[in-house]
Amino acid sequence: MHRIELSAVEKRFHERTAVKKTDLCLESGVYGLLGENGAGKTTLMRMICGVLKPTGGSIRCDGIEISRLGRAYRRLLGYLPQDFGYYGEFSARRFLRYMATLKAMPQDCAERRIDEMLELVDLMPFQKQKLKTFSGGMLRRIGVAQALLNDPEILILDEPTAGLDPRERVRFRNIISSLGKERTVILSTHIVSDVDYIADQIMIMKNGTITAEGTERELKHMTGKIAWKYIAGEDEAERLDSRFTVSNLRHLENGVELRIVSDRRPAPDAEALEPSLEDIYLYLTGEKRGGTDDETV
């Protein structure tokens, strides 16, 4: 088991700060990094991988700066970037052989692992097919296979389920859940359901800052009563939607049923609900937490 520590890590691009001073400690288990596109997730992941150098702060693995560890650190890593590059003329098997060479894997070990990974991501029947003929979902699966090829102890996945259909997404989540028992897995996504069932720890990122972290239970305790159900007329529903974060809206025969995310009761008859991870995420990343103070419901 390895320990990754980030201390006051930040990254600036000219006048823009993509990641503000961030402290984290990552050990074994699955860490879900949630945030909107542009929140800084990819920049943070690339720094943890050593692809980008921080502008400030330090990243250590087992107490040693990852820049000093060099190849030894890269041997521990499996990385699936958000923009996954590949050679379209390569077959799936040839591409994995190429990646195994880059990872300096012995040939006999590489062939065995390639077979295992093709089976794992359900691409064995397509092993001789050129990557340029693959669908988006198949390409993400070959990306997952290359990330796992060297049996990494630290697995970093940036938007790994992009392009996967619902069945593939469920299959992928099950794979990641089992992998997290033996290694550190960091999963970056803006899709709440990707981490809802498998993440041991959840980190929520907004505008370059991790605004909250903990288990789902800890996040629920931290945010408190923030989810409400309320049935309103059409006009009132439209007014509430403009003032509060509405996570779900359903038209009924007697009105409009709203699921509202707010730190105060949005209407006198609103019913408190158990908040979901999606509610917590919307609350921590949204702007309309409690409506406006100059109006009363």
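Residues numbered from 1 in each chain as written. Predicted model: local features only at pLDDT ≥ 70, side-chain atom pairs only at ≥ 80, totals over all residues. Heavy atoms only, no water.

Visitor: Would you mind going over the overall build of the chain with me for this structure?
Guide: In terms of helices and strands, the chain carries eleven helices and 14 strands. Viewed in the frame of its principal axes, the chain has a C-alpha envelope of about 70 × 45 × 35 Å. A separation of at least 24 residues holds for 69% of the contacts in the chain among residues at least 6 apart in sequence. On the chain, roughly 15,100 Å² of surface is accessible, and the fraction owed to carbon and sulfur atoms is 46%. One way to put it: in the chain the 44 positive side-chain charges average out to a point 7 Å from where the 46 negative ones average out. (Helix = DSSP H or I, 4+ residues; strand = E, 2+ residues; numbered from the N terminus. Contact = heavy atoms within 4.5 Å. Areas by Shrake-Rupley, 256 points an atom, 1.4 Å probe, with all protein chains shown as cover. Lys, Arg positive; Asp, Glu negative; His and termini not counted. Charge placed at Lys NZ, Arg CZ, Asp CG, Glu CD.)

Visitor: Even after reading the chapter, I still don't get the sheet that holds strand β1 (residues 4-13), so can you show me in this structure?
Guide: Strand-to-strand pairing in sheets goes through backbone hydrogen bonds, with the strands running parallel or antiparallel. Ordered in space as β2-β1-β4-β5, the four strands form an open sheet in which the pairing is antiparallel. What marks the edges here is a single partner per strand, and that holds for β2 (16-26) and β5 (64-65). (Pairing = 2+ DSSP bridges.)

Visitor: Any chance you could explain unusual backbone geometry here in plain terms?
Guide: Trans peptide bonds make up most of the peptide bonds, and negative phi angles are found at most residues other than glycine. At H14, a residue that is not glycine, the phi angle is positive and equals roughly 60°. Residue placement: H14 occurs in the loop between β1 and β2. For H14, a relative accessible area of 80% puts it in the exposed group. In this model, D62 sits at a positive phi of 55°, which is unusual for a non-glycine residue. (Buried < 20%, exposed > 50% of the residue type's maximum accessible area, 1.4 Å probe, protein only.)

Visitor: For this particular structure, what's the right way to read the packing of aromatic side chains?
Guide: Centre distance and the angle of the planes are the two values used to describe a pair of aromatic rings. Tallied over the full model, the rule gives five aromatic pairs. Ring centres 5.5 Å apart and planes at 85° place the aromatic pair Y87 and Y98 in the edge-to-face group. A residue pair is termed long-range when its members are at least 10 positions apart, and Y87 in the loop between β6 (77-80) and α4 (92-102) and Y98 in helix α4 qualify at eleven residues. Every member of this aromatic cluster is reached through a ring pair, and the members are F84, Y86 and F95. (Phe/Tyr/Trp six-rings, centres within 6.5 Å; stacked < 30°, edge-to-face > 60°.)

Visitor: I tried to follow the pattern of salt bridges on my own but got confused; where do I start?
Guide: When the charged atoms of two side chains with opposite charge come close together, those side chains can pair. Scanning the model with the defined rule gives 19 salt bridges in all. A salt bridge links R3 to E27, with the nearest nitrogen and oxygen atoms 2.8 Å apart. With a gap of 24 residues between them, R3 in the segment before β1 and E27 in the loop between β2 and β3 (29-35) connect regions that are remote in the sequence. Residue E27 is classed as partly exposed on the basis of its relative accessible area of 29%. Between R183 and D151 there is a salt bridge whose closest N-O contact spans 3.1 Å. (Salt bridge = Lys/Arg side-chain N within 4 Å of Asp/Glu carboxyl O.)

Visitor: Help me out: how do you make sense of helix α7 (residues 166-179) in this one?
Guide: With 14 residues, α7 extends 20 Å from end C-alpha to end C-alpha; this agrees with the ideal 20 Å at 1.5 Å per step. Buried residues along α7 sit in contact with β3, α5 (107-120), α6 (136-148), β7 (154-158), β8 (184-189) and α8 (193-196). Structurally, the start of α7 carries an N-cap: the backbone nitrogen of R167 is 3.1 Å from a side-chain oxygen of D165. (Expected span 1.5 Å × (residues − 1). Polar contact = N/O pair within 3.5 Å; in protein donor to acceptor, adjacent residues only side chain to side chain.)

Visitor: Honestly, the environment of I59 in this entry has me stumped. Any pointers?
Guide: Residue placement: I59 occurs in strand β4 (residues 56-61). Residue class for I59 comes out buried when judged on its relative accessible area of 3%. Taking the C-alpha atoms as reference points, I59 and S7, 52 residues apart in sequence, are found 6.5 Å from one another. Setting aside its immediate chain neighbours within four residues, I59 contacts I4, E5, L6, V9, M47, I48, P54, I64, E65 and I66.

Visitor: What's the story with the sheet that holds β6 in this structure? I'm lost.
Guide: The sheet built from six strands is open, its strands ordered β6-β7-β8-β3-β9-β10 with mixed pairing. At either margin of the open sheet sits one strand with a lone partner, and together these are β6 and β10 (209-214). Ignoring strand direction, the axes of neighbouring strands in this sheet form an average angle of 15°. Sheet strands touched by α6: β6 and β7. Its angle to β6, the strand with the most contacts, is close to 165°. Contacting β3, β9 (201-206) and β10, helix α11 (residues 277-285) runs over the sheet at an angle of about 30° to β9. (Axes fitted to C-alpha atoms, helices over the stretch in contact; angles between N-to-C directions.)

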